[in-house]
Each structure stands twice: as structure tokens, then as C-alpha cells.
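Structure assessment
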Amino acid sequence: MSEAVNRKMRTERSALYNLLSRLYHNPLGFFGLILVVIVVGSAIFADWIVPYDPIAINIRERLQGPSAKHLMGTDQLGRDVFSRIVMGSRIALKVALVSITLALSCGLVLGLIAGYGPPWLDKIIILIFDTIRSFPTIMFALAIVTLVGPSLETVILVVVITTIPVYGRIVRAQTQAIKNNEFILAERAMGANIIRILSLHMLPNIIGPLLIIASMDLPGVVTIEAGLSFLGVGVRPPTPSWGSVLNDGYSFIRNTPWLIVSGGIPLIITTLGFTFLGEALRDILDPKLRKDI
Amino acid sequence: MTALLEVENVRIRFRSKNRIQALMDRDQDPYIEAVCGVSFTLEPGETLAMVGESGAGKTTLARSIIGLATLRQGSIRFLGNELSNLSDAAFAQFRRNIAMMFQDPVGCLSPRRTVRSLILEPFKIHRIGDKNWTAETKRLLEMVGLSDSFSGRYPHQLSGGQARRVGVARALALSPKLIIADEPTAGLDVSVQGEILNLLVKLQADLGVSFLIITHNLSVVRHISDRMAIMYLGRFVEQGITDDIFYHPRHPYTHALLSANPNPDPDDPKEQVELKGEIPSLMNRPRGCEFHPRCPCVQDRCRSEAPPLETVAPGHLVTCHYPIKRNGRP
Amino acid sequence: MGKDRNSVLDIRNLSIEFATTRGRLKALRDVTLSVPPEKIVGLVGESGCGKSTVIFSIIHLLAENAVVTGGEIEFEGRDILKMSPNELRAIRGDRISMVFQDPMTSLNPVLSIDTQMTDIQYRANIDMEEKRNRAVEMLARVGIPDPRQRLANYPHHFSGGMRQRISIAMALLANPALLLADEPTTALDATLEAQIIHRLRQLQDMVHCSILFVSHHLGLIAELCDNVVVMYAGEVVEEGDVRDIFHRAAHPYTQALLECDPARIKEKTRHLPTIPGDIPDLVNLPAGCIFSNRCPQVFSKCRTTAPQRFEVEPGHFARCHLVTEGDVP
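From a predicted model like this one, the values you see are computed outputs, not experimental measurements. (Residues numbered from 1 in each chain as written. Chains lettered and ligands numbered in written order. Predicted model: local features only at pLDDT ≥ 70, side-chain atom pairs only at ≥ 80, totals over all residues.)

Some remarks on the overall build of chain A
Helix and strand counts for chain A stand at 12 helices and 0 strands. What you see in chain A, going N to C, is helices and strands ordered as α-α-α-α-α-α-α-α-α-α-α-α. Considering chain A as a whole, with its 293 residues, one finds that 41% of them fall into the buried category. When contacts within chain A are restricted to residue pairs at least 6 apart in sequence, those whose partners lie at least 24 apart make up 68%. (Helix = DSSP H or I, 4+ residues; strand = E, 2+ residues; numbered from the N terminus. Buried ≥ 20, exposed ≤ 12 C-beta atoms within 10 Å, placed from the backbone. Contact = placed C-beta atoms within 7 Å.)

So this is what it looks like as C-alpha cells:
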């Protein structure tokens, strides 16, 4: 259909309203949005939601199943699992947000340089990326933990280092795809310097899909943190992380299955929520996938 | 009076193989000659059209004038100043005086910037400070016949014609002396391409700006250019005053190009000249006269000997062994 | 022209809408045209006129959000709009063929020309060698040098012009009754365009098919076509014999379009004619004639009532109040 007919006379509704209404019509995406709101909400309002102190020990009530008093039961030290899960969402999101933000920033800068800069610099950066990516994450994590000691910061460090190459490659590919577009050429023809071109003209056109990809990585990072904590190389007890709940559940699976289930539920919710939401956002924002003209 | 732009014997080439491949194929030339020895001048207030088909090298040549392609050989002088192979910093001052409009009307506009920010971009790039930006935007939009309401729109909200006008407004921002327009009518319907062309003509009359127009649309060339040059495989095969060339083309390629744009009249007796074959690849340039495999009037000499540059009339140059005398025959 | 029962293709009162976020876009409204046997019909119009929609509706390859709200497309006596997917598949590539605009993407890049050209003959009851021979013969007819040797090549071994010829050869292999050509030369250089057009005319004489040739290039239409259909913003505004249209255009849009073509302007002028304004919004259609907001000869009736299709002279139709009122300009 004619572009001319389409482009003119667009009703001026706010972009956010349009986005939300589109999401409303995408049932899976909307469901994802609800799940995400639940997870984020529990992280923000954890202090008000938790019925008990997550690290308060109460041996008399250990390893109980779900009840009116303890919604998800108790663990081997009598701690309320529900409180630990809710507080654990803070750790999960903190790790995820900090790592992804750091990885995004570094990946963005390196990717832009690799994609737009001279070929020799590109080759060096790609070499670094590929070297990092050739290490399995867990092995890498174990190596770093041996050097630095296990802690939340270690987990973040591992995640950041292993994720930078992923984002870097995506940014590089996008940069290379756009850098010969006519509007970039036009900027060069007008005399714009490289900083201006990268920051004002490249970046805004790359960041959109990148943010969505990053949001879909969030559950992956959360899972990595859970995995590392499960292995005992992540956060140290008594800090409540989903991974440590899973770890406890694994040890005490003969006594009660509820620990593992409770540890797994938030991971499922987070993964499903962010994935559905991310996919719906990508479909909505990618004009080629739209069914209308 | 110094010419505004003097292009002398410009040669531009690109690598078709990287260094390692070139080493391995020692006997084959790793370069593609995109522009081979082009010379012309442009006076202030004049419009020169560069015409040619794909592979002719017109866009490459235009880009070298604006500093986006390096010259292998030759010189480009703007008001007497040498432009070729200057550093970006040294070229910056000339970018105020030479502006370029690109082929894709919407694609050459940064997608996430408003029309206002796009038009004011040249000012920001050259760090020109205190001006009333709102007034400036309005002035530029008015010059190209767009209302102020367009300043808040984004490129995807503009039609092809409107986007082209924004491109013109942007080119005019710093009051350049020369505007290079790459296919100004591409993508525009016949009923609206007149708008943009009339605008360019008006701007030339009002502001005295010179135009270098790249196009393959010959029928348009006749109406808006003073002089024209026809390019084939990186060379000018003919150049001169537009009217002269239209009335009496001397090079067989020019003749064929002119006849390829038929008069929309089913009873038009004019015969369309059909050329043999296709444009050769730049990697396999024919020997002798590069047009000889397709030329309807080819002779033996053309196959082995490259033709010299000849002046067939004042200001009218042709590169052909047997320029057309009358009625399409040498 | 007109409702000729012997037409290869007869489109009657075709209306198609597209569902968009802003509402229903009325892409085609009451489109009527016909293609006589062994004739070349040119479909000319500018962006937004709906000519591509017409073509894709004939071959029934419309987008998912397209809705046919009325009319019929009669091909060899049967309504295409009512055919089942199997019936459609039976006629596509066999009775109706198509050549697309972009030669770089219309051939399968991973199959050799041999494979593609013999594959497309899958309905023919002949052996592989015979299919190959027919392919070679057709390639020679479209002007591919050394066709037998080049059969083994892949599309990327050929230039744009060659690929377009191969597409035409493939389209004509099955001896179709109707060839749809959607701007087949727009992506090619001018000198190449001339070659292809000449070839097409020769081929049409040999194969005896009808061609529906879509283009925005008036010069080509004048050279190649027997009949012309002019479309504007989703409607057929004029149709007739090529001389009717170019010498005695009745609709103001056609007249304006011809005036705007710079190739037609004999005298050099610094001020080129244009049609000011834009096509109206096809979602919220204005009342009256679709061209009324840009028409140089508009009068009051044009803005309130839409004109009907009217026979100006035998075989020459226009949709304009000026002709129905009796004042043929």
C-alpha cells in the first residue's frame, strides 16, 4: 500500500498508550506483563510483604509443608520459605539489573567501536569476545570464585564478563548494518564527527531491539545466579536467594518436596513473565512483523 | 572569474580483493576503476547534470567532491582551494559551502530525529551558536514550501515529496554555494517530480546556488540543466550544453540513451535505438573504446584503440572515433 | 473492451479493503477492466492507485488483512475469487504467469536455472530431456546467449537484465493465457528497458498470450500496449485503446498526467507542470469524486456525487462528470 497514505494523518496518541493497548490485545504478552509486575513488585515492596524475617531461625517449625501460617512451608532451619522467596526476588533482580546494565553499557561501547571503527580494532575486539565465549560459564565462574571468593559481587562479575560479548556482537552487527545507510552518509557529508554520529544517530537506532533482547536475558541471568548459588559458589548463607533455597531443597528432598518446588516457582514465574513480555514487545515494536500495513 | 568547481583528471578506484587475496592472484588487478580521468568545471549559478546508468561512477564522483571518497589521482578545486584527500578536519570548512542531497528521500534522514532537528543539524555540527532556532527552522521550511507544522514530524511520517523537501531545506541551511543532488526525482511520481524540480530552479534564481545533478532521468535533464555530461563506465563520453546535446547528440551511447526515453505517444515515428548486450562489469572492461561491444556503429579501430577527447563544437566534447554527424549515422 | 465475453480476463466491480489499525483502507473500489485475448493491456497509475493490488488479486496472493468486499474476477469463464486453493494452484504458473518487479529477488538463489526451469514444467507430460530442450529454446528466445551451457548456472551468475529475461522465459514456458507483468523494467537501466520491451512484444506475437502490463512509465505504455487502463487512488478513472488515451484523454487526471510527463513537453521549460495536492485518505474517503481535491476542472457536483463509468466513445470509458454532462473536453 502507498506509504504516502499511511504516513500522513497519524492520530496523535501517546506512544505509551499505544504500546499498552497493543499489549492488551496480545494475551500472552499481557500475561507476561502481569507476572513481571508481580516479581518486580515483590522485590520493591519486599519489606512490607514478608510475614516473617527471612533469616529468623525457628528449629521447632522446621521442614513443614505449606499451611496457613507458612504459605510455602519452612526450610531445614525453620525459616519461612515464602519470606525467603520474596526477599530473594530482591537479590535476583539486583543481580540481574546490575549485571545486565553493566554488560549492556560495555557491550554497547565495544560493539559500536568494533562495528564502526577500523578493521584492525574490530578484529582485536572480536578476538577478545570469542575467547571469553569459548569458556563454559560455570567453569569460568568457578575459576573466578577461586580467585576472588564467593559472593554476590562475584556472581555479578561473572555474569557481566560472560554477557558483554553477547551484547557486543549484537551491537556490532547492528552497527555494521546501519553504518552504510544513507542517513549516516548524509551526516558524514555534513561534517559530523564520529562521536556525534555514534551517539546521536547510531545509538538511538540500535538501542531499541537491544533493550528487548536484554530484557529477555533477565531470566537467564537470574537462572545463572540461582545455579551458582545452588552450587554453593554464589551468595553465602544466610542470604536468601532462590538458588540457595533450591540448594537446601535438594539436600532435604527426602523430607519435603516443597522446598524445591518453592525455589523453582519464582524462577518459572520470572522466566515466563520476562520472556512472554519481551517477545510481545518485540513483535509489537518490530514494524515488519505487524499484520496491519 | 574562477570557476566555482574545477574537477581535473579525477581517478577513483576501489579494492575488489583484500591484500591477501591480491597476493594470491598476482596477475589480476585487485582494483576496480570506478572513475577514470574525469574533468569538468562548474560556474557559479550554473546547473550541470551528470547522466549515466548503473556502474557509470556518477555517485562515486559526487561523493569524492563532498569528501566521502578518496582520489587516486587528479584534483578537485573549489573556488581555487584544493579539496582532494584533505583530512576531515581540513574539509570541515568547505562543508559549509558544499551540501549534498541523497538518493533515498526518507532514508537519508535520521529516523529518530524530528524535521526541526534534521534541518538544524548543519548548524549544530559546525557549532554555529546564537541564532533564533525557531525562526531559522521556519525560514528554511518556508523556502522549500513546507509549513511550520512539519517541524515536529518524524521522517516516517513524511511522504516522498515532503521528505525530499526536508532534504533540500537541510542542504540550504548554511547557504551553500554548491548543492549536489543525487537522483532528486527518484521514487517520486511523475505528477509530483515537477514540484521538486521547480523548487530547485527557483532556488537557483533566488539564491544563485549552483547545482550538480546526478540522474538517469534524461527527460528531466533537458528542462533544468544548463550543461550535461554523459558517463559510461567511469568516463565522460560526451559533455556540453544541454540543448546542443539533445538537439544533436554526437556519441552513439548518448543517442541510444536519448531514444530510450520514448515520447508517450503511440504514433511517434522516432525509432528506438536498441543497444546490444548489457553494461559490462567494471572488472571486465572492454579493450579499445569501452563502448564498442554495444555500439551500433562500431568499426575495427574502435575494438583496439581507445578514442581521444575531441572538441566537436565550442564547449562540446566527445570521446569517440566516429562521432555522429547527422541522423544517427557517422 | 468492455464486457466482452471472449475476454481472457474480466474484472467486474472489484472492491478490496485492507484492515489496518486506523480502520478499513479502501484500496480498490468498483474496479472494472478486461483483457482481450492476445492483447497487451497497460495498467498505469501512480503510487497509491492500487495497481499492484489488482495484480495480486488476480493471482490471489493478497496480504492476510485483505478483504474482498465485492465483485468478481472472471478468468477463462471461472471466478478466481471463488476458487479453492487447489484450483488456484492449478492455474497459477500454467494459465496465468507472473513476472515481478525485482529481478534480484524473484529467482531462487540456491537452485540452478536448469532446476528452476524444468521444475516449473512439472505438469507437462514429457521427459526431462524434452523439458530441458524447451527451457533452452525459451532462453534463446528471450536473448540469453549460449543457453544450453548457461542452464547449469545459478541466478547470481547473471546480471539483473538477464535475470529478468529468465523470469520472463519461465513465465512463458507453460504457454499461459495471461501474463501479469508488475513493473518488470522499473529496476533496470534505461537502455536495458528498451531491449526487454522489444523482446516482450516479439514474444507475445510468438506465444499468443495476453499481457497485463503494470507501469508508471507512460512512454513504455504508449510503445508496448494495445489498450490502457488508468487508475487513481483505487479506482479505474479511464480505459480505452492506446490512441484514445494518449490522443483523446477524457479524464482530467489522465490529461494532467500526460501533461506532466517531461518527455512529452516539446519545448524546454524551466517550470514543469505538476498535479498539486495529495491523494486523499483511503480510510476516510471523501464524498464525491476521488480526484475532486486536485482536479483543475472541478465543479460543485464533483464534491458531492461520485461519477459513474461512462462510455465516451466505443470502447473508451471514463469516470467523470464532465463526460457524463456532455462536455467532452
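Remarks on the overall build of chain C
What chain C contains, in helices and strands, is 12 helices and 12 strands. Computed over the C-alpha atoms, the radius of gyration of chain C is 21 Å, within 12% of the 20 Å expected from 2.2 N^0.38 for a compact globule of 329 residues. Projected onto its principal axes, the C-alpha coordinates of chain C cover approximately 65 × 50 × 40 Å. Buried residues in chain C amount to 49% of all 329 residues. Counted over contacts in chain C with a minimum sequence separation of 6, partners at least 24 positions apart contribute 65%. (Rg over C-alpha atoms; globule rule 2.2 N^0.38 Å.)

Some words on the interface of chain B and chain C
Contacts between the two partners involve 33 residues from chain B and, on the opposite side, 37 residues from chain C. The set of elements that each furnish at least two residues to the side of chain B that touches chain C consists of α7 (190–207), α8 (218–224) and α10 (252–259) of chain B. For the side of chain B that touches chain C, the class distribution of residues is 14 nonpolar, 11 polar and 8 charged. (Nonpolar A, V, L, I, M, F, W, Y, C, P; charged D, E, K, R; others polar.)

Concerning the packing of helix α3 (residues 27–44) of chain A against helix α5 (residues 81–116) of chain A
Residues and elements named next belong to chain A. For the pair α3 and α5, interaxial distance at closest approach is 7 Å and the crossing angle is 100°. Taken as axis vectors, α3 and α5 run roughly perpendicular relative to one another. Facing α3, whose interface residues are Val39, Val40, Ser42 and Ala43, α5 presents Val86, Ser89, Arg90 and Leu93. Broken down by class, the residue content of the contact of α3 with α5 amounts to 5 nonpolar, 2 polar and 1 charged. (Axes fitted to C-alpha atoms, helices over the stretch in contact; angles between N-to-C directions. Parallel < 35°, antiparallel > 145°, perpendicular 65-115°, else oblique.)

Examining the environment of B:Gln204
All names here are of chain B. By the secondary structure assignment, Gln204 is in helix α7. Taking C-alpha positions, Gln204 is 9.9 Å from Lys177, a pair spaced 27 residues apart along the chain. Not counting chain neighbours up to four residues away, the residues in contact with Gln204 comprise Gly45, Thr47, Val209 and Phe211.

Description of the sheet that holds strand β4 (residues 66–75) of chain C
Across a sheet, strands are paired by hydrogen bonds formed along the backbone, either parallel or antiparallel in direction. Residues and elements named next belong to chain C. Read from one edge to the other, the open sheet built from 4 strands follows the order β2-β1-β4-β5, with strand pairing classed as antiparallel. In this open sheet, the two strands that pair with only one neighbour each are β2 (23–35) and β5 (78–79). In this sheet, β4 lies alongside strand β1 (residues 9–20) in antiparallel orientation, the contact comprising 8 bridges. In the strand pairing of β4, Asp10 is matched with Glu74. (Pairing = 2+ DSSP bridges.)

Let's talk about the packing of α5(A) against helix α8 (residues 152–178) of chain A
All names here are of chain A. It is the contact of α5 with α8, at a shortest axis distance of 6 Å, that shows an interaxial angle of 35°. Of the two possible hands of crossing, α5 and α8 adopt the one that is right-handed. Here the residues of the contact of α5 with α8 are counted per class, giving 21 nonpolar, 8 polar and 2 charged. (Left-handed = near helix turned anticlockwise from the far one by under 90°.)

Section: the confidence of the model for chain A
Residue and element names in this part refer to chain A. Mean pLDDT over chain A stands at 83; residues scoring 70 or higher make up 91%. Taking the mean pLDDT of every element in chain A, the minimum, 40, falls on helix α1 (residues 3–7) and the maximum, 94, on helix α6 (residues 119–133). pLDDT under 50 marks residues 1–12. Its contacts with residues more than four places away, or in other chains, come to 25 contacts. (pLDDT = per-residue confidence, 0-100.)

Quick look at the sheet that holds strand β1 (residues 5–15) of chain B
All names here are of chain B. With antiparallel pairing, the 4 strands of this open sheet are ordered in space as β2-β1-β4-β5. The strands lining the two open edges of the sheet, one partner per strand, are β2 (31–42) and β5 (81–82). In this sheet, β2 lies alongside β1 in antiparallel orientation, the contact comprising 9 bridges. Opposite Arg11, over in β2, you have Cys36 as the bridge partner.

Remarks on the pairing of strand β9 (residues 227–232) of chain B
Residues and elements named next belong to chain B. The buried fraction of β9 is high, at 6 of 6 residues. Here β9 shows two buried faces, one formed by Arg227, Ala229 and Met231 and the other by Met228, Ile230 and Tyr232. Relative to β9, strand β3 (residues 47–52) is paired through 5 bridges, and the arrangement is parallel. Residue pairing for β9: Ala49 is matched across the bridge by Met228. In this structure, the hairpin formed by β9 and strand β10 (residues 235–241) is closed by a connection of 2 residues, where Leu233 is found at a positive phi of approximately 50°.

Concerning the pairing of strand β7 (residues 178–182) of chain C
Residue and element names in this part refer to chain C. With 5 of 5 residues buried, β7 lies mostly within the body of the structure. Across the two faces of β7 the burial is the same, with Leu178, Leu180 and Asp182 and Leu179 and Ala181 all buried. In this structure, strand β6 (residues 96–99) lies alongside β7, joined through 4 bridges in parallel fashion. By the bridge assignment for β7, Ile96 is matched with Leu178. Strand direction decides the pairing type here: β7 and strand β8 (residues 210–215), joined by 5 bridges, are parallel. What sits directly across from Asp182, in β8, is Val214. The β-α-β motif built from β7, the intervening helix α7 (residues 190–207) and the parallel element β8 has right-handed crossover chirality. (Right-handed = clockwise from strand over helix to strand, strands pointing away.)

A closer look at the nonpolar core
Counting residues in hydrophobic clusters, the biggest one holds 252 residues, and the most contacted among them are B:Ile180, B:Ile230, C:Leu178, C:Leu212 and C:Phe213. Looking at which domains feed residues into this core, each of domain 1 (5–97 + 178–192 + 203–263 + 271–319) and domain 2 (112–175) of chain B gives three or more. The residues touching C:Phe213, leaving out its near neighbours within four places in the chain, are C:Ile40, C:Val41, C:Gly42, C:Leu43, C:Ala181, C:Leu224 and C:Cys225. (Core = buried A, V, L, I, M, F, W, Y, C linked by C-beta atoms within 7 Å. Domains from an automatic or database assignment.)

So, unusual backbone geometry
Its identity as a non-glycine residue notwithstanding, B:Ser175 has a phi of 50°, on the positive side. A count of 10 C-beta atoms within 10 Å places B:Ser175 in the exposed class. Even without being glycine, C:His60 reaches a positive phi, approximately 55°. Structurally, C:His60 is set in the loop between α1 (51–58) and β4. Looking at C:His60, the number of C-beta atoms within 10 Å reads 17, which means it is partly exposed.

Details of the environment of C:Arg78
Position of C:Arg78 among the secondary structure elements: in strand β5. On a C-alpha basis, the gap between C:Arg78 and C:Asp10 in space is 9.8 Å, while along the polypeptide they are 68 residues apart.

Re the confidence of the model for chain C
This prediction gives chain C a mean pLDDT of 88; 97% of its residues lie at or above 70. Scoring the predicted complex yields pTM 0.82 and, for the interface, ipTM 0.85.

Remarks on α3(A)
With 18 residues, α3(A) should reach 26 Å at 1.5 Å per residue; the first-to-last C-alpha distance of 26 Å fits that figure. Buried within α3(A) are the following residues: A:Gly29, A:Gly32, A:Leu33, A:Leu35, A:Val36, A:Val39 and A:Ser42. (Expected span 1.5 Å × (residues − 1).)

Some details on the environment of C:Asp94
All names here are of chain C. Along the polypeptide, Asp94 turns up in the loop between α2 (85–91) and β6. Taking the C-alpha atoms as reference points, Asp94 and Ala177, separated by 83 residues in sequence, lie 8.3 Å from one another. Setting aside residues up to four positions removed in sequence, Asp94 forms contacts with Arg123, Ala174 and Pro176.

Describing helix α4 (residues 128–141) of chain C
Residues and elements named next belong to chain C. The end-to-end C-alpha distance of α4, which contains 14 residues, comes to 20 Å, matching closely the 20 Å that a straight helix rising 1.5 Å per residue would cover. Those residues of α4 that sit buried are Ala135, Val136, Met138 and Leu139. Buried residues of α4, seen end-on, are gathered within an arc of 165° and therefore sit on one face of the element. Of the surrounding secondary structure, the elements contacted by the buried residues of α4 are α3 (113–119), α5 (147–150) and α6 (160–173). Of the residues one or two after α4, Gly143 is the one with positive phi, at around 90°. (Arc of directions from axis to C-beta.)

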